[in-house]
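Chains, contacts and geometry: an overview
This is what each chain is made of:
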Amino acid sequence: MKILHCAAAFVLVAFATALSPTAAAQDAAQTAAAATATVETAASAETAAAESAPAEAAPDAPDLADAEAAQTYIDDYADNVQNDPEFAANIEMALATVRLEKPFYGTFWAIFPPVLAIVLALVTKEVYSSLFIGIVSGGLIWSRFSFEGTVTHVFSDGYIGSAADAYNVGILVFLVLLGALVAMMNKTGASAAFGRWASTHIRSRVGAQVCTIILGMLIFVDDYFNCLTVGSVMKPVTDAKKVSRAKLAYLIDATAAPICIIAPVSSWAAAVAGFAKGAGAESGFSLFINAIPWNFYAILTIVAMFFFAISGFDFGSMRKHEETALKGDLYTSGGVVGADEFADANPKGRVWDLVVPVVVLIAACVVGLIYSGGYFGEDKPGFIQAFSDSDASVGLVYGSAVAIVFAVAYFLCRRVISFKDCMDSLPEGFKAMVPAILILCSAWTLKAMTDSLGAKVFISQLINGPAAALYNFLPAIIFLVAIVLAFSTGTSWGTFGILIPIVLAAAPAPESTIICVSACMAGAVCGDHCSPISDTTIMASAGAGCNHVNHVNTQLPYALLVAAVSFVAYIAAPFCGKWEIALPVAIVLMLVVLFAMRAAIGRRGCGAAAKGAAD
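Residues numbered from 1 in each chain as written. Predicted model: local features only at pLDDT ≥ 70, side-chain atom pairs only at ≥ 80, totals over all residues. Heavy atoms only, no water.

Re the nonpolar core
- Counting residues in hydrophobic clusters, the biggest one holds 169 residues, and the most contacted among them are Ile261, Phe296, Tyr297, Phe308 and Phe496.
- Counting residues per element, this core draws most heavily on helix α17 (residues 296–311), at twelve residues.
- With near-sequence residues (within four places) excluded, Ile261 lies in contact with Trp268, Val272, Phe288, Asn295, Ala298, Phe496, Met521 and Val525. (Core = buried A, V, L, I, M, F, W, Y, C linked by side-chain atoms within 4.5 Å. Buried < 20%, exposed > 50% of the residue type's maximum accessible area, 1.4 Å probe, protein only. Helix = DSSP H or I, 4+ residues; strand = E, 2+ residues; numbered from the N terminus. Contact = heavy atoms within 4.5 Å.)

Here it is in structure tokens:
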């Protein structure tokens, strides 16, 4: 009911805006007039320049008075900010031209749809309709409140366009194949066998959480792969030790993107290196390596995770989930998971039936990634170069397909399950992934709405505008801007692609470039970590078997705490000058804050109970 009220209110406000002479409409009219004057002035200037300049001067300069050329210039924002000496004037002219037809383009309204979807999801605890309302609001704004334009943009350009994207299709296929592999392993009784083995060798809740963290750190190749693999392997262990699914989802999510962004051999390193190289850096990979010790958010997240796991300290809504988990309710929903959860599991299953397919999956995905990067081609690039050129969606599909074929052959040879059971696992795995697929498709569509409204231009102008003058505080400002962009769009890679070229152009001195790029990377990961519409957050929920909104609500205070300390560290970083000083100071500050919170809040409830359970 709350959602319906919010939706009705928004639609009424939207149409009232469209039918009345509001400030937005007046601004659009002023923008149009300014654009006309600017274009006329530019035309006069070009005529004068043509009379005095040599014949070979800039024959292919874009006609920014033309809407199509102006849109193309804006779409190539990252390249133009690096290469066009007249970028500041040209981008204003291009924006003025585009806003003649799209008055809301590149303004605050570009990030309104994701903000609306996120607020609704957090308030109403319902993610599907919240995302849809956010998408529809983006369609309304883009079409200037035209019914036909909204429907076309939302469904044709949005849902269908996003689902038809080759990269997105690859991720969906990978999800289905991985879901089928997990369903197959469950049929063998491997998960139950691993749970029984873990209950013997891992004797406490602390041990279960620390093992989850370590496994997440070891699977650093790709965040998607990390989320689903760690979840399927560790669920039996954490369930046996009464760790809540919300806590498991946090540990999975916090060892996905934050680990990948500081791992030299990962799809994330390849992406960042590619963006930096494309923006003019001499060596994108060298820049990535040098930025690792300055990535305060990723490193402090690891510190915080170990602190929460070892100390038994939790706060916010996570505390409630952990307290109820100790009573047997892992979901904080009233449903009690008993000790005999796996009583009906296949008795033929062994621990190796889980370990062997997962090891093959990891190896096959690594080979698939470097294969997609041309490692086995005629040019034979090096291992690192192949990772830099890899296509994650293609490589992961190759790897998961090989793992599925191997698992079928392995289980048939072991005579643990029949061929029919193996084939039945395919649709079962698909069904298990349907919630994640629905949310992912909606999140991709919401991103398409923000892209069509020029969100990247709005955020980029913030950095190139007032923020650029605050040189000493530029890393901290870039960190905040990256958080806002990644949180609003749900993509850290998209944030890298938008901001890294701008950061390289805006950095005041070469020595500050590494700190600024690292702040951009850290902010993108932080925003991605916090965002309910992030694909990594969605997959962490799916991997842990946790309600998505519960995962977001419990994780958000932890992520914001680390973000606050990281922000302070980025303020101090330019004054420290060396990471050998800045990083230890940041770690000590993080620990001081955590110990202070523990002393202030105390270990009431789950902390003390957890200690008792461990004993």
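So that's the structure; there's more coming.
Quick word on the environment of Val549
- Looking at where Val549 falls in the secondary structure, it is placed in helix α28 (residues 548–576).
- Taking the relative accessible area as the measure of exposure, Val549 reaches 5% and is therefore buried.
- Separated by 423 residues in the primary sequence, Val549 and Glu126 place their C-alpha atoms 7.1 Å from one another.

Structural notes on a nonpolar patch on the surface
- Among the surface-exposed residues, Phe132, Phe147, Val151 and Phe155 lie close enough to one another that they form a single nonpolar patch of about 400 Å² accessible area.
- Looking at the nonpolar patch element by element, the count peaks at three residues for helix α8 (residues 147–164).
- Of note, Val151 is situated in helix α8.
- Val151 gets classed as partly exposed once you look at its relative accessible area, which sits at 34%. (Patch = residues over 30% accessible without salt bridge, like charges linked within 9 Å, V, L, I, M, F, W, Y side chains within 5 Å. Areas by Shrake-Rupley, 256 points an atom, 1.4 Å probe, with all protein chains shown as cover. Salt bridge = Lys/Arg side-chain N within 4 Å of Asp/Glu carboxyl O.)

Some remarks on the packing of aromatic side chains
- Throughout the structure, instances matching the rule amount to 25 aromatic pairs.
- With centroids separated by 6.2 Å and ring planes inclined at 75°, the aromatic side chains of Phe307 and Phe308 adopt a geometry described as edge-to-face.
- On the basis of relative accessible area, Phe307 is assigned to the buried category, the value being 9%.
- Pairwise contacts between aromatic rings join Tyr250, Phe307, Phe308, Phe313, Phe315, Tyr558 and Phe595 into one cluster. (Phe/Tyr/Trp six-rings, centres within 6.5 Å; stacked < 30°, edge-to-face > 60°.)

Comments concerning the pattern of salt bridges
- Evaluation of the coordinates by the stated rule reveals seven salt bridges.
- Between Lys187 and Glu428 there is a salt bridge whose closest N-O contact spans 3.3 Å. Note that Lys187 is positioned in helix α9 (residues 166–188) and Glu428 in helix α22 (residues 419–452), a separation of 241 residues in sequence.
- Look at Glu428 and you get partly exposed, because its relative accessible area is 31%.
- By sharing partners, the salt bridges in this structure join Arg205, Lys247, Asp314 and Glu322 into a single network.

A closer look at the layout of surface pockets
- Empty space within the second largest pocket amounts to approximately 600 Å³.
- Lining the second largest pocket are 36 residues; nearest its centre among them are Lys235, Ala432, Ala542, Gly543 and Gly545.
- Where the lining of the second largest pocket is concerned, the elements lending two or more residues are α7 (127–142), α9, α12 (223–240), α22, α27 (535–544) and α28.
- Here the lining of the second largest pocket gets seven residues from one element, more than from any other, and that element is α22.
- For the lining of the second largest pocket, the class distribution of residues is 19 nonpolar, ten polar and seven charged. (1 Å grid on protein atoms, 1.4 Å probe; cavity = no way out; pocket = protein on both sides within 12 Å on 5 of 7 lines; lining within 4 Å. Points joined across faces, edges and corners; volume = space filled by probe spheres on them. Nonpolar A, V, L, I, M, F, W, Y, C, P; charged D, E, K, R; others polar.)

Quick word on empty space enclosed by the protein
- Under the defined criterion, the tally for this structure stands at one cavity of 30 Å³ or more.
- Counted as a void, the largest cavity has a volume near 30 Å³.
- As for the largest cavity, its lining consists of Leu178, Leu181, Val182, Met185, Leu228, Thr229, Ser232, Val358 and Leu361.
- Elements supplying a minimum of two residues to the lining of the largest cavity: α9, α12 and α19 (352–372).
- In terms of residues, the lining of the largest cavity owes the most to one element, α9, which gives four residues.
- Residue composition of the lining of the largest cavity, grouped by class: seven nonpolar, two polar and no charged.

Overview of the packing of helix α24 (residues 474–489) against α28
- Closest axis-to-axis distance for the α24/α28 pair is 7 Å, and the angle between their directions is 150°. With respect to their mutual orientation, α24 and α28 come out roughly antiparallel. Across from Pro475, Ala476, Phe479, Leu480 and Ile483 in α24, the residues of α28 making contact are Ala563, Ser566, Phe567, Tyr570, Ile571 and Pro574.
- A breakdown of the residues in the contact of α24 with α28 according to their chemical character gives ten nonpolar, one polar and no charged. (Axes fitted to C-alpha atoms, helices over the stretch in contact; angles between N-to-C directions. Parallel < 35°, antiparallel > 145°, perpendicular 65-115°, else oblique.)

Points about unusual backbone geometry
- Positive phi is not limited to glycine here, since Arg144 has a value of about 60°.
- Secondary-structure assignment places Arg144 in the loop between α7 and α8.
- Positive phi, normally seen in glycine, also occurs at Arg415, with a value near 60°.
- By the secondary structure assignment, Arg415 is in the loop between α21 (392–414) and α22.
- Judged by relative accessible area, Arg415 falls into the exposed class, the value being 69%.

Here we look at the packing of helix α13 (residues 245–254) against α28
- The interhelical angle for the contact between α13 and α28, taken along N-to-C directions, is 55°, at an axis separation of 9 Å. It follows that α13 is oblique to α28 by the angle criterion. In the packing of α13 onto α28, the handedness of the crossing is right-handed. Here Ala246, Ala249, Tyr250 and Asp253 of α13 come into contact with α28, specifically with His551, Thr554, Gln555 and Tyr558.
- Of the residues belonging to the contact of α13 with α28, the class tally is four nonpolar, three polar and one charged. (Left-handed = near helix turned anticlockwise from the far one by under 90°.)

Concerning α27
- For α27, the tally of buried residues reaches nine of ten residues, placing the bulk of the element in the interior.
- Burial in α27 covers these residues: Asp535, Thr536, Thr537, Ile538, Met539, Ala540, Ser541, Gly543 and Ala544.
- Where α27 begins, one side-chain oxygen reaches toward the backbone nitrogen of Thr536, 3.2 Å away; that side chain belongs to Ser534.
- Once α27 finishes, Gly545 follows within two positions and takes phi at roughly 65°, a positive value. (Polar contact = N/O pair within 3.5 Å; in protein donor to acceptor, adjacent residues only side chain to side chain.)

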